[in-house]
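Spelled out from the first residue to the last, the chains are:
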Amino acid sequence: MSNYLVAMEAAWLVRDVEDIDDAIGVAVSEAGRRLNEKDMDYVEVDVGATGCPACGEPFDSAFIAAGTSLVGLVLEMKVFNADSEEHAQRIAKSEIGGALRDVPLEVVETIEYEEDEDIELGSDDE
């Protein structure tokens, strides 16, 4: 049995917005509220990053058209005592998906770690 940090990307729609920062704030706030209603305050919510097709530099994953925004959120959850990486992913997707019904989710990264280890996604310290 191992411990894992599972990161998922969520596609969040925000209606009636004019500004990217407002859309991001609303998306993070709404996702956090829905998770907290299910006592899932252990799930970290943040805005995702998308690489610029021209230069490769990351920018916030948000796009507005016709007053409607699509915001890419990153949801991180620690899963303890899972049988495998795939088992941890299924647990995280089930837990988060249950709280965020009708929100598309996709696992983007899974890291195995020791219980006393301080972990960060996106690092090459594995």
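- As annotated in an unreviewed UniProt entry, the protein chain is UPF0212 protein M0R89_16425 from Halorussus limi.
- On record in UniProt, under Sequence similarities (unreviewed entry), the comment for the protein chain is "Belongs to the UPF0212 family."

### Examining helix H2 (residues 85-99)
Logical step 1: Under the 1.5 Å per step criterion, the end-to-end length of H2 is 22 Å for 15 residues, consistent within 8% with the ideal 21 Å.
Logical step 2: What H2 keeps buried is the set Ala 88, Ala 92, Ile 96 and Ala 99. When H2 is viewed along its axis, its buried side chains cluster within an angular range of 50° and face the same direction. For H2, the exposed residues set more than 90 degrees away from the buried face come down to Arg 90 and Ser 94.
Logical step 3: Looking at the buried residues of H2, the elements they touch are strand S1 (2-15), helix H1 (20-37), strand S6 (68-82) and strand S7 (105-113).

### Side note on the nonpolar core
Logical step 1: Core analysis: the largest hydrophobic core is formed by 30 residues, its most contacted members being Trp 12, Val 71, Leu 73, Leu 75 and Ile 96.
Logical step 2: Of all the secondary-structure elements, those providing two or more residues to this core are S1, H1, strand S2 (44-47), S6 and H2.

### Topic: the pattern of salt bridges
Logical step 1: For the structure shown, the criterion picks out one salt bridge.
Logical step 2: When the shortest N-O distance is used, the salt bridge between Glu 37 and Arg 33 registers 3.1 Å. In this pair, Glu 37 and Arg 33 are both assigned in helix H1, four residues apart and thus about one turn of the helix distant.

### Details of a negative patch on the surface
Logical step 1: Taken together, the side chains of Glu 18, Asp 19, Asp 21, Asp 22, Glu 44, Asp 46 and Asp 60 make up a negatively charged region of the molecular surface.
Logical step 2: Contributing elements (two or more residues each) for the negative patch: H1 and S2.
Logical step 3: Here Glu 44 shows up in strand S2.

### Here's the deal with the pairing of strand S5 (residues 62-65)
Logical step 1: Summarising the sheet, S5 and S6 pair through four bridges and their orientation is antiparallel. Looking across to S6, one finds that Ile 64 is bridged to Ser 69.
Logical step 2: In this structure, the hairpin formed by S5 and S6 is closed by a connection of two residues, where Ala 66 is found at a positive phi of approximately 55°.

### Focus: the environment of Pro 104
Logical step 1: Here Pro 104 shows up in the loop between H2 and S7.
Logical step 2: Placed 79 residues apart in sequence, Pro 104 and Gly 25 show a C-alpha to C-alpha distance of 19 Å.
Logical step 3: The contacts of Pro 104, once residues within four sequence positions are left out, are Glu 9, Ala 10 and Ala 11.

Conventions we followed
Residues numbered from 1 in each chain as written. Predicted model: local features only at pLDDT ≥ 70, side-chain atom pairs only at ≥ 80, totals over all residues. Heavy atoms only, no water. UniProt positions renumbered as here; feature names shortened; annotations may be inferred. Helix = DSSP H or I, 4+ residues; strand = E, 2+ residues; numbered from the N terminus. Expected span 1.5 Å × (residues − 1). Buried < 20%, exposed > 50% of the residue type's maximum accessible area, 1.4 Å probe, protein only. Arc of directions from axis to C-beta. Contact = heavy atoms within 4.5 Å. Core = buried A, V, L, I, M, F, W, Y, C linked by side-chain atoms within 4.5 Å. Salt bridge = Lys/Arg side-chain N within 4 Å of Asp/Glu carboxyl O. Patch = residues over 30% accessible without salt bridge, like charges linked within 9 Å, V, L, I, M, F, W, Y side chains within 5 Å. Areas by Shrake-Rupley, 256 points an atom, 1.4 Å probe, with all protein chains shown as cover. Lys, Arg positive; Asp, Glu negative; His and termini not counted. Charge placed at Lys NZ, Arg CZ, Asp CG, Glu CD. Pairing = 2+ DSSP bridges.

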